[in-house]
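Close look at the chain arrangement
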Amino acid sequence: MHRGASLRRPRTKGESVSTYDERMQGVPQYSAIVVDDVALLRLGIAAVLEPIGVEVVAEPANGRDLPQLCAHHGVDLVLIGHVTDVPVAELVQRVRSLSTAPMLLALLLRTHREELAALLALDVHGLVVRSVQAEELAISVERVLKGERVVAPALLSALVGAVSATAADVED
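Reading guide: rules and limits
- All chains use their own residue numbering, which begins from 1 and follows the written sequence.
- Per-residue local features are limited, in this predicted model, to residues with pLDDT of at least 70; the limit for side-chain atom pairs, both in listing and counting, is 80 or more; totals at the level of whole chains, interfaces and linings are taken over all residues.
- To obtain the side-chain values, all non-hydrogen atoms of the structure were used and water was disregarded.
- Every helix listed is a DSSP run of H or I at least four residues long, and every strand listed is a run of E at least two residues long, numbered separately from the N terminus.
- Summary of the burial criterion: residues with accessible area below 20% of their type's maximum are buried, those above 50% are exposed, and those between are partly exposed, where the area comes from a 1.4 Å probe applied to protein chains only.
- Here, residues are in contact when the closest pair of their heavy atoms is within 4.5 Å.
- Using the Shrake-Rupley algorithm and a 1.4 Å probe, accessible areas are obtained, with residue cover drawn only from the displayed protein chains.
- Lines fitted to C-alpha atoms define the axes here, with helix axes fitted over just the stretch in contact, and angles between the N-to-C directions of these axes take values from 0 to 180 degrees.
- To sort the angles, those under 35 degrees are grouped as roughly parallel, those over 145 as roughly antiparallel, those from 65 to 115 as roughly perpendicular, and the leftovers as oblique.
- Side-chain classes follow a simple rule in which Ala, Val, Leu, Ile, Met, Phe, Trp, Tyr, Cys and Pro form the nonpolar group, Asp, Glu, Lys and Arg form the charged group, and the remainder, Gly included, forms the polar group.
- We call a set of buried Ala, Val, Leu, Ile, Met, Phe, Trp, Tyr and Cys residues a nonpolar core when their side-chain atoms join them within 4.5 Å.
- Detection works on a 1 Å grid of protein atoms alone, calling trapped sets that fit a 1.4 Å probe cavities and calling open sets with protein on both sides within 12 Å along at least five of seven lines pockets, with lining residues defined by an atom within 4 Å of a point.
- Grid points are joined across faces, edges and corners, and a volume is the space filled by probe spheres set on the points.
- The positive count covers Lys and Arg only, the negative count covers Asp and Glu only, and His and the chain ends enter neither.
- The term salt bridge refers to a pairing of a side-chain nitrogen on Lys or Arg with a carboxyl oxygen on Asp or Glu at a separation within 4 Å.
- Residue count minus one, scaled by 1.5 Å, sets the expected span of a helix.
- Of all possible arcs, the one meant is that of the directions from the helix axis to the C-beta atoms.

What follows concerns the overall build of the protein chain. Along the backbone of the protein chain there are 7 helices and 6 strands. Secondary structure of the protein chain in N-to-C order comes out as α-β-α-β-α-β-α-β-α-β-α-β-α. Sorting the 172 residues of the protein chain into buried and exposed places 41% on the buried side. Relative to all contacts within the protein chain whose residues are 6 or more apart in sequence, the contacts with residues 24 or more apart total 61%. Just so you have it, the protein chain exposes about 9,300 Å², and 54% of that area is on carbon and sulfur atoms.

Where helix α4 (residues 88-96) meets helix α5 (residues 113-121), the axes come as close as 10 Å, and the angle between the chain directions of the two elements is 5°. Judged on the interaxial angle alone, α5 and α4 are roughly parallel. From α4, Val 88, Ala 89 and Val 92 reach across to α5, where they touch Glu 115, Ala 118 and Leu 119. Taken together, the residues of the contact of α4 with α5 sort by class into 5 nonpolar, no polar and 1 charged.

Here we take up the nonpolar core. Core analysis: the biggest nonpolar cluster contains 47 residues, and Leu 79, Leu 137 and Val 141 have the highest contact counts within it. The greatest single-element share of this core, amounting to 6 residues, is contributed by strand β4 (residues 103-108). When neighbours within four sequence positions are excluded, Val 141 is seen to be in contact with Leu 49, Ile 52, Val 54, Leu 77, Leu 79 and Leu 105.

A separate point is the layout of surface pockets. It is a probe the size of a water molecule, rolled over the atoms, that shows where empty space is left. Its boundaries defined by the atoms lining it, the second largest pocket holds a volume of some 200 Å³. Looking at the second largest pocket, the residues that line it are Gly 81, His 82, Val 83, Pro 87, Val 88, Ala 89, Leu 107, Leu 108, Leu 109, Arg 110 and Glu 115. Counting only elements with at least two residues in the lining of the second largest pocket, the list comes to α4 and β4. Looking at the lining of the second largest pocket residue by residue, the class counts come to 7 nonpolar, 2 polar and 2 charged.

Once that is clear, we can look at the side chain of Arg 42. For Arg 42, the location among the structural elements is in helix α2 (residues 39-49). Although buried, Arg 42 forms no salt bridge, and the nearest oppositely charged side chain, Glu 59, lies 4.1 Å from it. Apart from the residues within four sequence positions on either side, Arg 42 is in contact with Val 34, Asp 36, Asp 37, Glu 59, Pro 60 and Ala 61.

Bringing the environment of Cys 70 into the picture now. Inspection of the secondary structure puts Cys 70 in helix α3 (residues 66-73). Judged by its relative accessible area of 5%, Cys 70 falls in the buried class. With 25 residues separating them in the primary sequence, Cys 70 and Val 95 have C-alpha atoms 7.5 Å apart. Once residues lying within four places of it in the same chain are set aside, the contact partners of Cys 70 are Ile 33, Val 75, Val 78, Val 95, Leu 98 and Pro 102.

Right, let's talk about helix α6 (residues 134-145) for a bit. An α-helix turns once per 3.6 residues; consequently, residues spaced three or four apart project the same way. Its 12 residues place the ends of α6 17 Å apart at the C-alpha level, agreeing with the 16 Å of an ideal helix rising 1.5 Å per residue. Every buried residue of α6 is listed here: Leu 137, Ala 138, Ser 140, Val 141, Val 144 and Leu 145. Buried positions in α6, seen along its axis, are confined to an arc of 165° and lie on one side of it. Following α6 by one or two positions, Gly 147 adopts a phi angle in the positive range, close to 100°.

Okay, here's the thing in structure tokens:
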């Protein structure tokens, strides 16, 4: 199954769409891991994800065990916040090296040009600011799960600089 494919059960023959939707409410369509060093933030993110059909199966406070957790749970999505034990780019590399790598959405505390460029080069599916509003986070997650690449508007000015610097390196 494609990592972004829906885990919903198919509608049965003769079952109306409204009946199907009513029966599927509350059934997780996707699984996720939320990693961040702040427990309350992890809890809040899980609360945002549940109503949109994403079940959080693990909430580690550090990145050290993230690849093993991803492999064990076979999750569809990982939201990477702030961790102090492993640089975010290195953590993304470790997760991306898994045979069935999940989609990745990074919640960035700061918007350093170099970090954005590194994460884009590693093909992160989503980049949002860590202080994102709940509704914007939910929309970003839904878009990532549909296969779209998401970059928060607040990161665009730094991103333009990162893309320009990368393009200049290529030309040299």
